[in-house]
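Summary of structural features
For reference, the chains in residue letters:
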Amino acid sequence: MNFIRLLPVCLSSVLIAAHFLRSGSFVWVGCSLAFPFLLLFPKKWAARIVQVCLLIGTLEWLRTLYIIASLRVKTGDPWIRLVIILGSVAVVTGASACVFFMKPLRVRYGLEKNV
């Protein structure tokens, strides 16, 4: 069942890898496809590294959104649909980092708060 809970992480990883593949950054493609495999280790550090990678991916999507949208605005091309699509991808990628707030994943990765 945890596999289903982690599907957004895998989807975001593939989307980030596809983005880097399109730009020709093959090292980042490998990193993007590799970081979800850290989740095979049920350790707190693995979950935190994946969360950081997803947040960095979100920032990359927002950076790309800004660059492409500003170019389209300057040239007078339509840009609203681009903002909606890339903005949605950025939100999904950022929200994927929040799957670790679910109780079963907190327990698996040792993220429970000791009170």
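Let me begin by describing the structure that accompanies this report. Because the structure is predicted, anything quoted here is derived from the model rather than measured.

With that settled, the discussion passes to the overall build of the protein. Looking only at helices and strands, the protein features six helices and zero strands. Counted from the first residue to the last, the protein has its helices and strands arranged as α-α-α-α-α-α. Taken along its principal axes, the extent of the C-alpha atoms in the protein is 55 × 30 × 25 Å. Here the protein, with 115 residues, has 34% of them falling under the buried criterion. About 7600 Å² of surface is accessible on the protein, with carbon and sulfur atoms providing 74% of the total.

Bringing the side chain of H19 into the picture now. Its place among the elements puts H19 in helix α2 (residues 7–23). Given a relative accessible area of 16%, H19 falls into the buried group. Look past the residues within four positions of H19 in its chain and what remains in contact with it is E60, W61 and T64.

A separate point is the side chain of S32. Residue placement: S32 occurs in helix α3 (residues 26–34). The class of S32 is buried, set by a relative accessible area of 4%.

Tallied over the full model, the rule gives three aromatic pairs. Ring centres of F20 and W28 lie 6.2 Å apart, and the angle between their planes is 35 degrees; on these two criteria the pair is classed as tilted. Geometrically, the ring pair formed by F100 and Y109 is edge-to-face, given 5.7 Å between the ring centres and 80 degrees between the ring planes. Here the two residues F100 and Y109 agree in accessibility, since each one is buried.

Time to look at the pattern of salt bridges. Counted under the stated rule, the structure contains three salt bridges. In this structure, E60 and R63 form a salt bridge, with 3.0 Å as the shortest nitrogen-oxygen distance. One end of the pair is E60 and the other is R63, both in helix α4 (residues 44–75) and three residues apart, which spans about a single turn. Owing to a relative accessible area of 46%, R63 belongs among the partly exposed residues under this scheme. For E112, the salt bridge identified is with R106, shortest N-O distance 3.5 Å. Given a relative accessible area of 25%, R106 falls into the partly exposed group.

Parameters and conventions
Residues numbered from 1 in each chain as written. Predicted model: local features only at pLDDT ≥ 70, side-chain atom pairs only at ≥ 80, totals over all residues. Heavy atoms only, no water. Helix = DSSP H or I, 4+ residues; strand = E, 2+ residues; numbered from the N terminus. Buried < 20%, exposed > 50% of the residue type's maximum accessible area, 1.4 Å probe, protein only. Areas by Shrake-Rupley, 256 points an atom, 1.4 Å probe, with all protein chains shown as cover. Contact = heavy atoms within 4.5 Å. Phe/Tyr/Trp six-rings, centres within 6.5 Å; stacked < 30°, edge-to-face > 60°. Salt bridge = Lys/Arg side-chain N within 4 Å of Asp/Glu carboxyl O.

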